[in-house]
Amino acid sequence: MRFAKPALTVEQQVELLEKRGMAIPDRTRAAHYLTHINYYRLRAYWLPFEEQAGDGSHRFRAGTSFEDALTLYLFDRKLRLMLMDAIERVEVAVRTRWAHVLALRYGPHAYLRGEIFQEAWKYRRCLEGLTEEIARSHETFIDHYRTTYSEPELPPLWAACEVMSFGQLSKWLENLKYRADQKEIAAPYGLDPMVLGSFLHHLTHIRNLCAHHSRLWNRRLTFTMRLPRNPRHIVGWFNPAAERNLYNTLVMLTYLLGVIAPHSSWKGRLKTLMAECPKAHPSAMGFPTEWEKLQVWK
């Protein structure tokens with residue numbers, strides 16, 4: 001089948017939505033948003049309001065308005081910004097812990113010691129990636145090292161880790177050889193190293209979705225996370241039946257922020273956001289029924 005749909009003007013897009021049954025009382029307002037937000041980006045937020053007609057076409061359920069889709073879009077945007085805030089705190093904390101533990105155990109340039117990592121080819125790839133990041137960096141502390149020291153060529157771990165991407169950090173952690181090192185890094189968070197590593201890998205996927213402004217609400221996630229068995233008191237907070245939804249991610253972030261930033265208002269702001277947008281039904285993100293009663297949200 002050859003694609004033959006023509007491009008539509010913004011005005012034609014508005015007309016098409018109205019023809020399919022969407023209420024648009026303020027056509028100028030709708031045209032403004034469609035001018036600045038791609039039709040297909042917004043389409044993901046009005047899909048839940050569509051139903052299939054008898055002739056096979058898709059129409060909107062009675063009572064659907066343009067504001068319904070726009071409200072979900074704005075909710076999702078705020079949710080992404082909140083997640084970026086939380087992910088930043090987790091990334092900085094784990095990166096700091098990784099550098100601190102390895103530097104104390106193996107010296108300032110611990111990451112140059114290939115023998116403390118499992119897979120040689122993974123180690124080479126990680127080191128190549130980090131070396132490239134350092135070469136591109138013009139951070140003051142990197143420039144200072146270059147102009148002050150000639151050997152080793154690369155800076156100490158506590159400086160190198162600061163130009164490391166989140167994805168790189170996840171791979172360096174995953175490839176550590178010794179269980180004792182893994183456990184020491186994960187110790188402040190009370191998590192099994194395998195659970196922490198799985199979550200960090202999962203978070204790189206979430207972070208990429210946020211960075212590319214992709215939809216999170218009602219999304220089926222590609223990379224899942226391993227649910228913890230310890231600490232015992234948090235096990236019941238998760239929803240194993242919703243492993244490909246966002247809920248478990250939010251629970252783990254809430255738990256980790258409680259350790260990293262115990263006075264953070266992040267959880268309260270998330271609950272406020274949920275309350276302000278009832279159209280963004282929690283079940284679409286994997287929230288269980290009566291989720292507000294769980295201790296994690298109190």
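Every chain begins its residue count from 1, and numbering advances along the sequence as written. The predicted nature of this model means local features are confined to residues of pLDDT at least 70 and side-chain atom pairs, given and counted, to a pLDDT of 80 or more, with totals for whole chains, interfaces and linings taken over all residues. The side-chain numbers reported here are obtained from all heavy atoms of the structure, hydrogens and water having been left aside.

Brief notes about the overall build of the protein
Helix numbers and strand numbers start at the N terminus; a helix is a DSSP run of H or I with at least 4 residues, a strand a run of E with at least 2. When helices and strands are counted, the protein shows 13 helices and 2 strands. Its C-alpha atoms give the protein principal-axis dimensions of roughly 70 × 45 × 40 Å. Contacts are assigned to residue pairs that have any heavy atoms within 4.5 Å of one another. Of all intrachain contacts in the protein linking residues separated by at least 6 positions in sequence, the fraction that spans at least 24 positions is 67%. Per-residue accessibility takes into account occlusion by the displayed protein chains alone, with areas from the Shrake-Rupley method and a 1.4 Å probe. Carbon and sulfur atoms make up 52% of the accessible area of the protein, which totals about 16300 Å². Computing the positive centroid from 41 side-chain charges and the negative centroid from 31, the protein places the two 5 Å apart. We score Asp and Glu as negative and Lys and Arg as positive, and we do not count His or the chain ends. In plain terms, the charge of a residue is placed at NZ if it is Lys, CZ if Arg, CG if Asp and CD if Glu.

Considering the state of the cysteines
Disulfides are covalent bonds that link the sulfur atoms of two cysteine residues. Two cysteine sulfurs form a disulfide in these notes if their separation is within 2.5 Å. Enumeration over the complete set of coordinates arrives at 0 disulfides. In this model cysteine 126 remains outside any disulfide bridge; the closest cysteine sulfur is found in cysteine 161, 14 Å from its own. Here cysteine 210 is not cross-linked by a disulfide; its sulfur's nearest cysteine counterpart is in cysteine 277, at 17 Å.

With respect to helix 10 (residues 193-211)
One turn of the α-helix equals 3.6 residues, which is why residues spaced by three or four share an orientation. Each helix should span, by expectation, one fewer than its residue count multiplied by 1.5 Å. Its 19 residues place the ends of helix 10 26 Å apart at the C-alpha level, agreeing with the 27 Å of an ideal helix rising 1.5 Å per residue. The positive-phi residue at the C-terminal boundary of helix 10 is histidine 213, with phi of around 60°.

A word on the nonpolar core
Among the buried residues, those of types Ala, Val, Leu, Ile, Met, Phe, Trp, Tyr and Cys that are joined through side-chain atoms within 4.5 Å form a nonpolar core. Burial classification: accessible surface area is computed with a 1.4 Å probe over protein chains only, and a residue below 20% of its type maximum counts as buried, one above 50% as exposed, and the rest as partly exposed. In this structure, Trp98, Tyr111 and Trp172 are the most contacted members of the largest nonpolar core, which totals 96 residues. Those residues in contact with tyrosine 111 that sit more than four places away from it in its chain are Trp98, Phe117, Tyr123, Leu127, Leu130, Ile134, Leu154, Pro155, Pro156, Leu157, Ala160 and Trp172.

Regarding the side chain of glutamine 13
As for its position among the elements, glutamine 13 is in helix 1 (residues 10-19). Discounting residues that sit within four places of it in the chain, glutamine 13 has contacts with Leu8, Leu34 and Tyr39.

Some details on the packing of aromatic side chains
Centre distance within 6.5 Å is the pairing criterion for rings of Phe, Tyr and Trp, where only the six-membered ring of Trp is used; planes under 30 degrees apart are then read as stacked, over 60 as edge-to-face, and the remainder as tilted. Tallying each qualifying case throughout the model produces 16 aromatic pairs. Here the aromatic rings of phenylalanine 117 and tyrosine 123 are separated by 5.2 Å at their centres, their planes lie at 20°, and the arrangement is stacked. Take phenylalanine 117 and tyrosine 123: they sit in the same class, and that class is buried. Each residue in the set Trp98, Tyr111, Phe117, Tyr123 and Trp172 is aromatic and connected to the rest through ring pairs, giving one cluster.

Notes on the packing of helix 5 (residues 120-136) against helix 8 (residues 166-174)
Helix 8 packs onto helix 5 with a crossing angle of 150° between their chain directions and a minimal axis gap of 10 Å. On the basis of the axis angle, helix 5 is roughly antiparallel to helix 8. Handedness of the helix 5/helix 8 crossing: left-handed. Across the interface between the two elements, Lys122, Tyr123, Cys126, Leu127, Gly129, Leu130 and Glu133 of helix 5 pack against Gln168, Lys171, Trp172 and Glu174 of helix 8. Only the stretch in contact is used when a helix axis is fitted, and all axes are lines through C-alpha atoms; the angle between N-to-C directions ranges over 0 to 180 degrees. Reported orientations rely on four angle classes, namely roughly parallel under 35 degrees, roughly antiparallel over 145, roughly perpendicular from 65 to 115, and oblique for the rest. Note: crossing handedness is left-handed where the near helix turns anticlockwise from the far helix by less than a right angle, and right-handed where it turns clockwise.

Notes on the pattern of salt bridges
A side-chain nitrogen of Lys or Arg and a carboxyl oxygen of Asp or Glu constitute a salt bridge if their distance falls within 4 Å. Evaluated as defined, the whole model comprises 18 salt bridges. Ionic pairing is found between glutamate 162 and arginine 95, a salt bridge with its closest N-O pair at 3.5 Å. A residue pair is termed long-range when its members are at least 10 positions apart, and glutamate 162 in the loop between helix 7 (157-160) and helix 8 and arginine 95 in helix 4 (residues 66-106) qualify at 67 residues. Beyond isolated ion pairs, a larger network of salt bridges with shared partners links Glu91, Arg95, Glu162 and Arg207.

Re the layout of surface pockets
Of the two site types, the cavity is a set of points on a 1 Å grid over the protein atoms alone where a 1.4 Å probe fits but cannot get out, and the pocket is an open set with protein on both sides within 12 Å along at least five of seven lines, each lined by residues with an atom within 4 Å of a point. Grid points are joined across faces, edges and corners, and a volume is the space filled by probe spheres set on the points. By volume, the largest pocket is sized at about 490 Å³. Surrounding the largest pocket, 14 residues form its lining, Lys5, Leu8, Leu16, Tyr39 and Tyr40 being those nearest its centre. Mapped by element, the contributors of at least two residues to the lining of the largest pocket are helix 1 and helix 3 (39-46). The element best represented in the lining of the largest pocket is helix 3, accounting for 3 residues. Taken together, the residues of the lining of the largest pocket sort by class into 7 nonpolar, 3 polar and 4 charged. Around the second largest pocket, the lining comprises 14 residues; the ones closest to its centre are Leu173, Glu174, Pro193, Met194 and Gly197. Gly is placed with the polar residues, together with every amino acid not listed as nonpolar (Ala, Val, Leu, Ile, Met, Phe, Trp, Tyr, Cys and Pro) or charged (Asp, Glu, Lys and Arg).

Brief notes about the confidence of the model for the protein
Here pLDDT means the predictor's own confidence in every residue, given as a number from 0 to 100. Taken residue by residue, the protein gives an average pLDDT of 95. The fraction at 70 or more is 99%. Per-residue pLDDT, averaged within each element of the protein, yields its smallest value for strand 1 (residues 50-52) (85) and its largest for helix 12 (residues 247-260) (98).

Structural notes on the side chain of arginine 97
Relative to the helices and strands, arginine 97 resides in helix 4. When neighbours within four sequence positions are excluded, arginine 97 is seen to be in contact with Glu184, Ile185, Pro188 and Tyr189.

Quick look at the environment of leucine 16
You can see leucine 16 is positioned in helix 1. The exposure class of leucine 16 is partly exposed, given its relative accessible area of 31%. The contacts of leucine 16, once residues within four sequence positions are left out, are Leu8 and Tyr39.

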